[in-house]
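Analysis of the macromolecular model
Next come the chains, spelled out residue by residue.
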Amino acid sequence: MQKLIIDGGKPLNGEIEIQTAKNAALPIIAACILTDEPVIIENCPRLKDIDAMLDIVRHLGCTAEFDGNDLTVCCKDIALNVINSDLTGKLRSSIFILGSILSRCRKAYISHPGGCEIGLRPIDLHISGLKGLSVKIVDDCGVICCDGTDMKSAVINLDFASVGATENLMMAGALLDGETVIVNAAREPEIVDLAAFINAMGGCVSGAGESVIHIKGVKRLHGCKYRPMPDRICAGTVLAAVCATGGSVTVKDIVPEHIFGITERLKKIGARLSVRGSTVRISADERPRPIHKLETNVYPAFPTDMQPQFCAMLTRATGSSVIIENLFENRFGYTSELIKMGASITVKDRIAVINGVDSLHGAAVKACDLRGGAALGIAGLAAEGRSVVYGAEHIDRGYESIENLFSALGGVIRRADG
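Right, let's walk through the structure included here.

1. Describing the pattern of salt bridges
It is possible for side chains of opposite charge to pair when their charged atoms get near one another. The full count for this structure, using the stated rule, is 21 salt bridges. A salt bridge links Lys 136 to Asp 150; the nearest nitrogen and oxygen atoms lie 3.2 Å apart. With Lys 136 in strand S7 (residues 136-140) and Asp 150 in the loop between strand S8 (143-147) and strand S9 (155-157), the pair connects residues that are 14 residues apart, well separated along the chain. The exposure class assigned to Lys 136 is partly exposed, which follows from its relative accessible area of 48%. The structure contains a network of salt bridges with shared partners spanning Lys 22, Asp 49 and Arg 397.

2. Quick look at the packing of helix H4 (residues 97-105) against helix H6 (residues 163-173)
Packing of H4 against H6 leaves a shortest axis separation of 7 Å and a crossing angle of 10°. On the basis of the axis angle, H4 is roughly parallel to H6. Across the interface between the two elements, Ile 97, Leu 98, Gly 99, Ser 100 and Ser 103 from H4 touch Asn 168, Met 171 and Ala 172 from H6. In terms of residue class, the contact of H4 with H6 is built from 4 nonpolar, 4 polar and no charged.

3. A few points about the packing of aromatic side chains
The relative placement of two aromatic rings is captured by the distance of their centres and the angle of their planes. Scanning all chains against the criterion turns up 2 aromatic pairs. Aromatic pair Phe 197 and Tyr 226: ring centres 5.5 Å apart, planes at 70°, arrangement edge-to-face. Placement of Phe 197 in helix H7 (residues 189-200) and of Tyr 226 in strand S13 (residues 225-226) is noted, with a sequence separation of 29 residues between them. Like Tyr 226, Phe 197 is buried. The residue whose ring lies beneath Arg 46 is Phe 66, and the NZ or CZ to ring-centre distance is 3.7 Å.

4. Topic: the side chain of His 126
By the secondary structure assignment, His 126 is in helix H5 (residues 124-132). Contact partners of His 126, with chain neighbours within four places excluded, come to Ile 95, Ser 162, Gly 164, Ala 165 and Asn 168.

5. Observations regarding the nonpolar core
Most often, soluble globular proteins have nonpolar side chains that are buried together. Ranked by size, the top nonpolar core spans 72 residues in total, and within it Ile 29, Ile 97, Met 170 and Phe 197 carry the most contacts. In this view, Ile 97 contacts Ala 30, Ile 33, Met 53, Ile 56, Val 57, Leu 60, Ile 83, Ile 110 and Asn 168; residues no more than four positions away in its chain are not counted. Counting residues in each nonpolar core, the second largest holds 69 residues, with Phe 310, Met 313, Ala 382 and Leu 405 among its members.

Criteria and thresholds
Residues numbered from 1 in each chain as written. Predicted model: local features only at pLDDT ≥ 70, side-chain atom pairs only at ≥ 80, totals over all residues. Heavy atoms only, no water. Salt bridge = Lys/Arg side-chain N within 4 Å of Asp/Glu carboxyl O. Helix = DSSP H or I, 4+ residues; strand = E, 2+ residues; numbered from the N terminus. Buried < 20%, exposed > 50% of the residue type's maximum accessible area, 1.4 Å probe, protein only. Axes fitted to C-alpha atoms, helices over the stretch in contact; angles between N-to-C directions. Parallel < 35°, antiparallel > 145°, perpendicular 65-115°, else oblique. Contact = heavy atoms within 4.5 Å. Nonpolar A, V, L, I, M, F, W, Y, C, P; charged D, E, K, R; others polar. Phe/Tyr/Trp six-rings, centres within 6.5 Å; stacked < 30°, edge-to-face > 60°. Lys NZ or Arg CZ within 6 Å of the ring centre and 35° of its normal. Core = buried A, V, L, I, M, F, W, Y, C linked by side-chain atoms within 4.5 Å.

See below:
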């Protein structure tokens, strides 16, 4: 186990470049299976979730090697090994490797996925969508056995705009004869990025970013070199941290429209923001104003992956805020740890009421999931005194050395064993 030791109460200042998006890189790695030629993913983040996905593709007979920050994946040879729970238990995103394996090999075997314990997150949309492409699926003692021998393109209408199910179906349709259409598709920027990657390999995907996506199947895809989008959640985490601690920070190498839902709310709480090209500058001189109602939902609404970081920031607000979590039923688990630091938070079902306090104090707390861990890091940076955040390995799933990220901005934060 790893821990972060934070001496808080210091404003953040300086400039920072944002890492490549984890949630873009993961499906892109899965989509490498669609071609037997090498693919180079530029500036791929070195994260625990990336390592978990690479373990899966290597288990299937692919090679994956880093050269500096660039990752080369070659899936010339595919072995239809069962992807067991030792591999899938580390990564929720393991489920959308089904689409690429089925598209390439027409059969796949995978154990049920794991990941952060923030809610049920059922895979029924993935399964029903693949069945709509004529895949025969049987659950054999926890192993999802898929036979796509008779796969056909089709129109799939998703009951919910699921990011993972949309990605799975995009990959599944990439090599099918005819046209696959996804209705009520997810619209997240990571969907657009995956479509651009498939097209860079010679695919034909249109409509990504809208509610209807068309995938015209091609006979073969080729290798390519591709740089995924910057991480909008990492950018939002930095911006929220500045509002919690005070200071002035320039965030570089982002796509401002991807974080519009975040920056607009930061303006409402009193932060000063300016956008120029791929750069956002934020200044926060005073405690944030409260947000009377903040609701999470699918893009372009406020992202659930930013909910914990905003909650941590709002513990320092000048009044009471309300957050409504519409996507995951267990996402407020981290709030009990914030309360140890002096926060005043009441949670009932999917609603949290945060009464801002004059100051937080340092404490020993434990991260139990990725974004909740980031929230504890923000609280530690804003608190007076020393905080110790245990379970830093959860944070490592989505942030590349978060201690270096905040140290570069003047935060006093370091990593240790124990």
